[in-house]
Amino acid sequence: MPEVIRFFTIQIIFLAVVLILHTYLGLHVIRRTIIFSDLVLDQLAAFGALVGIGIGIRYGTPSSYLVSLVAVLFGAFLLAVFKPRNKLIPREAIIGIMYAVALALSLLVADKLSGGETYVTKTLSGCMLWVTWPLVIVTIIAYVALLLFHYKFRHKFIGLTEKNVEIKNEKFWDFLFFTTQGIITVLVVPIAGVLLAYAFLMIPAAIVAMFTRKWASAVAIGWGIGFMACLAGLFASYFFDLPYGPSLVLSLGGVFVCAVIIRIVLPQKD
Amino acid sequence: MTHLIQTFSQPFLVCLTMVIILGYMGIHVLQREVIFIDIALAQIAVVGAIVAHVTFGVHGDSMLSYACAFGVTLIASIFYSLVRKKVNQIPLEAVIGVSYAIAAAAALFLVGVAPGGHIHVQQMLAGSILWATWRDVLLCVVVFSVVGCCFYIFRGPFKEISDNYENALKKGIKVVWWDLFFYALFGIVITLAVRIGGVVVIFALLIIPATVSALFSSSFGKRLVIGGAVGIVATIAGFLFANRFDFSIGSAISLFLGGSLVIAVFFRICLKLITARRDYGG
């Protein structure tokens with residue numbers, strides 16, 4: 001198979017798989033206004049990878065993934081447990097503070113690594129161009145498993161978000177929700193970087209949430225829009241030799257800005 | 001000791017001015033539930049500074065660079081004010097969060113081709129408080145005082161909107177214009193503060209003191225005093241820690257602010273237990 005076709009096939013399959021679950025989880029994140037939660041987990045995954053480098057584990061190896069997973073599971077636990085009852089403190093504030101502390105810790109670790117600033121940039125922008133078939137297969141298996149899990153327990157998770165039904169063990173289901181977010185974070189951040197992973201989650205969901213409240217159609221339309229925007233970014237990046245991750249985020253961002261303008265010009269009559 | 005004061009006097013004074021202005025703004029930010037606003041505007045200001053550098057070749061500390069940074073934050077302020085009023089399907093926080101991602105990607109996009117991009121990225125996150133000069137101190141005092149005066153003079157509508165947006169709308173307050181003014185003032189402070197302090201510490205100084213103060217009081221004045229005290233103590237601890245163990249100051253202060261919240265929560269729980277025990281005993 002010619003190199004160019006192999007490259008595009010692998011990238012397109014990766015994007016198509018990743019965007020389904022990200023759009024669905026993004027809808028939860030937006031409707032619950034816990035926008036920072038993904039950045040916390042992304043940053044903790046990056047922090048785990050940086051700590052791994054500090055103790056001699058090479059970036060992107062299975063051991064590096066494991067250290068990230070431990071950091072992320074700890075983050076998922078904290079996210080599920082900390083729910084301020086004080087009305088003056090929104091939950092998002094606590095999540096934001098966790099993000100700031102995780103970022104500060106990452107920078108402190110990077111301070112002590114030789115070439116630390118290179119790793120900080122790497123964890124931000126990722127190395128999506130190095131996506132390989134084994135990685136795509138592992139990602140597909142993990143994502144399909146998580147999708148089935150979310151489909152089976154969709155009433156619990158949607159109930160948590162819509163707050164229309166009484167959920168027993170709310171913190172436990174919250175923990176499972178953040179753990180799912182954490183697992184996909186660990187899989188995606190080393191490849192896509194913090195920013196692109198965050199953009200996959202937030203942007204397609206934010207676009208579609210402005211136009212529908214139905215879950216199934218929102219996931220389908222959000223996936224379609226996100227996939228098309230990512231393809232545009234991918235081709236622009238390849239043919240014009242532009243930075244990969246930022247090109248995809250900017251492409252998604254362009255669609256988002258257009259959607260917001262449409263909503264401003266044509267406000268929905270409730 | 002003398003050496004410590006000589007080295008840290010300018011950085012510390014800069015931090016002190018930031019503690020005061022950001023402590024005040026933080027209370028509004030928590031009430032409006034737009035926690036992301038600081039990081040987003042900071043990233044947007046960075047994009048403006050990079051555009052100024054790429055287009056005009058000016059240094060990040062020049063007036064033209066500040067003007068470009070403020071120009072793009074103003075555009076973002078207009079966008080947020082309009083979205084808050086017209087788009088009610090998703091929270092403003094989500095729009096701000098997405099605009100952060102776009103701005104961060106734009107910054108990486110622009111520095112991606114420039115040599116030394118990595119160092120630039122880390123610098124905009126961690127900042128360079130240690131290298132603050134007397135000029136920075138003066139600039140912070142003047143700019144933050146002017147902005148502080150504006151916040152004081154127009155505290156009525158700002159507080160009304162922060163307390164309850166829908167009520168403010170019903171009362172006929174021109175929310176879009178006041179929001180635009182609020183976010184523009186915010187943009188001025190963030191543009192200057194982030195250039196000196198970096199994204200992380202500015203975010204921590206904005207959110208954490210306001211959160212700690214909310215644990216102990218709902219009065220605006222008391223919250224300002226509590227938040228200010230927490231900010232100053234964490235800043236001093238951060239300076240001493242960074243000096244002793246050779247870490248960047250901004251990250252160290254952020255960690256101590258995070259620690260102060262943990263201590264405050266613990267203290268609050270202890271207070272509740274003591275009160276409950278006393279009531280039970282009585």
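Definitions and limits used
- Counting of residues starts from 1 at the beginning of each chain's written sequence and follows it residue by residue.
- The lettering of chains begins at A and the numbering of ligands begins at 1, in the order of writing.
- Two thresholds apply to this predicted model, a pLDDT of at least 70 for residue-level local features and 80 or more for giving and counting side-chain atom pairs, whereas whole-chain, interface and lining totals are computed over all residues.
- Here a helix means four or more residues in a row that DSSP labels H or I, a strand means two or more in a row labelled E, and each is numbered from the N terminus.
- This radius of gyration counts C-alpha atoms alone. The globule rule is 2.2 Å times how many residues there are, raised to the power 0.38.
- Each residue is classed by its C-beta neighbour count within 10 Å, where at least 20 other C-beta atoms makes it buried, 12 or fewer makes it exposed, and intermediate counts make it partly exposed; the C-beta atoms are placed from backbone geometry.
- Contact between two residues is assigned whenever their backbone-derived C-beta positions fall within 7 Å.
- Given a helix with a known number of residues, its expected span is that number minus one, times 1.5 Å.
- Residue polarity is assigned by list, with Asp, Glu, Lys and Arg as charged and Ala, Val, Leu, Ile, Met, Phe, Trp, Tyr, Cys and Pro as nonpolar; anything else, Gly included, falls into the polar class.
- Looking at any residue, its pLDDT shows the predictor's confidence there, from 0 to 100.
- In this analysis, axes come from line fits to C-alpha atoms, helices being fitted only over the stretch in contact, and the angle between any two N-to-C directions falls in the range 0 to 180 degrees.
- Orientation categories follow fixed angle ranges, with anything under 35 degrees roughly parallel, anything over 145 roughly antiparallel, 65 to 115 roughly perpendicular, and all other angles oblique.
- Helix crossings get a hand from a simple test, with the near helix turned counterclockwise from the far one by less than a right angle marking a left-handed crossing and a clockwise turn marking a right-handed one.
- For our purposes the nonpolar core covers buried Ala, Val, Leu, Ile, Met, Phe, Trp, Tyr and Cys residues that link as a set through C-beta atoms within 7 Å.

Asks: Account for the overall build of chain A, naming residues and giving values.
Replies: Tallying secondary structure elements over chain A gives ten helices and zero strands in all. Start at the N end of chain A and walk to the C end: the helices and strands fall as α-α-α-α-α-α-α-α-α-α. On C-alpha atoms alone, chain A measures out to a radius of gyration of 18 Å, which is about the 18 Å that the 2.2 N^0.38 rule sets for 270 residues. Taking the principal axes of the C-alpha coordinates as reference, chain A spans close to 50 × 40 × 35 Å.

Asks: I'd love a proper account of the overall build of chain B, names of residues and values included.
Replies: Each helix and strand counted, chain B has twelve helices and zero strands in total. Seen in sequence order, chain B has helices and strands lined up from the N terminus as α-α-α-α-α-α-α-α-α-α-α-α. Relative to a compact globule of 282 residues, whose C-alpha radius of gyration would be 19 Å, chain B shows 20 Å and is just as compact. Taking the principal axes of the C-alpha coordinates as reference, chain B spans close to 70 × 55 × 30 Å. Taking all 282 residues of chain B together, 52% fall into the buried category. For chain B, long-range pairs separated by at least 24 residues make up 73% of all intrachain contacts whose partners lie at least 6 apart in sequence.

Asks: Provide a residue-level description of helix H10 (residues 244–265) of chain A, including the pertinent values.
Replies: Compared with the 32 Å implied by 1.5 Å per residue over 22 residues, the 32 Å span of H10 of chain A between its first and last C-alpha is a close match. Tyr244, Gly245, Pro246, Ser247, Leu248, Val249, Leu250, Ser251, Leu252, Gly253, Phe256 and Val260 of chain A are the residues of H10 of chain A that are buried.

Asks: For the interface of chain A and chain B, give the residues involved together with the corresponding values.
Replies: Taken together, the contacts link 46 residues of chain A with 47 residues of chain B. Listed by contribution, the elements that provide at least two residues to the side of chain A that touches chain B are helix H4 (91–111), helix H5 (116–125), helix H8 (170–209) and H10 of chain A. The dominant element in the side of chain A that touches chain B, judged by the number of residues it contributes, is H4 of chain A, at twelve residues. Partitioned by chemical class, the residues of the side of chain A that touches chain B number 33 nonpolar, nine polar and four charged.

Asks: Tell me about the confidence of the model for chain A, and name the residues and values.
Replies: Across chain A, the average pLDDT comes to 86, with 92% of residues at or above 70. Across chain A, the secondary-structure element scoring lowest on mean pLDDT is H5 of chain A, at 65, and the one scoring highest is helix H9 (residues 215–240) of chain A, at 92.

Asks: So what about unusual backbone geometry? Which residues, and what values?
Replies: In this structure, threonine 33 of chain A is a non-glycine residue whose phi angle is positive, near 50°. Relative to the assigned elements, threonine 33 of chain A resides in the loop between helix H1 (3–31) and helix H2 (36–54).

Asks: Explain the packing of H8 of chain A against H9 of chain A to me, using residue names and the numbers behind them.
Replies: Residue and element names in this part refer to chain A. Interaxial distance between H8 and H9 falls to 8 Å at its minimum, and their mutual angle equals 125°. Comparing the axis directions of H8 and H9 gives the class oblique. Relative to H9, H8 is oriented so that their crossing is right-handed. Counting all contacts with H8, which are made through Ile203, Pro204, Ala205, Ile207, Val208 and Ala209, the residues of H9 involved are Ala218, Ile221, Gly222, Trp223, Ile225 and Gly226.

Asks: Run through the packing of helix H2 (residues 37–56) of chain B against helix H9 (residues 175–197) of chain B, naming residues and quoting values.
Replies: Residues and elements named next belong to chain B. Where H2 contacts H9, the two axes come as close as 9 Å, and the packing angle between them is 70°. Here H2 is positioned roughly perpendicular relative to H9, judged by the angle of their axes. In this structure, H2 crosses over H9, and the sense of that crossing is right-handed. From H2, Ile37, Asp38, Leu41, Ala42 and Ala45 reach across to H9, where they touch Phe186, Gly187, Ile190, Thr191 and Val194.

Asks: Give a detailed account of the environment of phenylalanine 14 of chain A, specifying residues and quantitative values.
Replies: Residue and element names in this part refer to chain A. Considering the arrangement of structural elements, one finds phenylalanine 14 in helix H1. For phenylalanine 14, a count of 21 C-beta atoms within 10 Å translates into the label buried. A C-alpha to C-alpha distance of 35 Å links phenylalanine 14 and valine 165, two positions 151 residues apart in sequence. Beyond its immediate chain neighbours, meaning those up to four positions away, phenylalanine 14 contacts Val131, Val136 and Thr139.

Asks: How would you sum up the nonpolar core? Please name residues and give values.
Replies: Grouped together as the largest cluster of nonpolar side chains are 189 residues, with contacts concentrated most on Ala206 of chain A together with Ala101 and Ile202 of chain B. For alanine 101 of chain B, the residues in contact, after removing those within four places along its chain, are Leu195, Tyr198, Ala199, Met202, Ile203, Val249 and Gly253 of chain A.

Asks: Any chance you could break down the confidence of the model for chain B for me, citing the residues and the numbers?
Replies: All names here are of chain B. Per-residue pLDDT for chain B has a mean of 86; in total, 92% of the residues score no lower than 70. Predicted confidence in chain B is weakest over helix H5 (residues 117–126), with a mean pLDDT of 58, and strongest over helix H6 (residues 134–153), with 93. Scored as a whole, the predicted complex attains pTM 0.85, and scored at its interfaces, ipTM 0.86.

Asks: Describe helix H11 (residues 220–245) of chain B, and please don't skip the residues or the numbers.
Replies: Residues and elements named next belong to chain B. In a regular helix each residue adds 1.5 Å, so 26 residues correspond to 38 Å; H11 covers 37 Å between its end C-alpha atoms and thus fits that length. For H11, the set of buried residues is Arg223, Ile226, Gly227, Val230, Gly231, Ala234, Thr235, Gly238, Phe239 and Ala242. Phi turns positive one or two residues past the end of H11, at aspartate 246, with a value near 60°.

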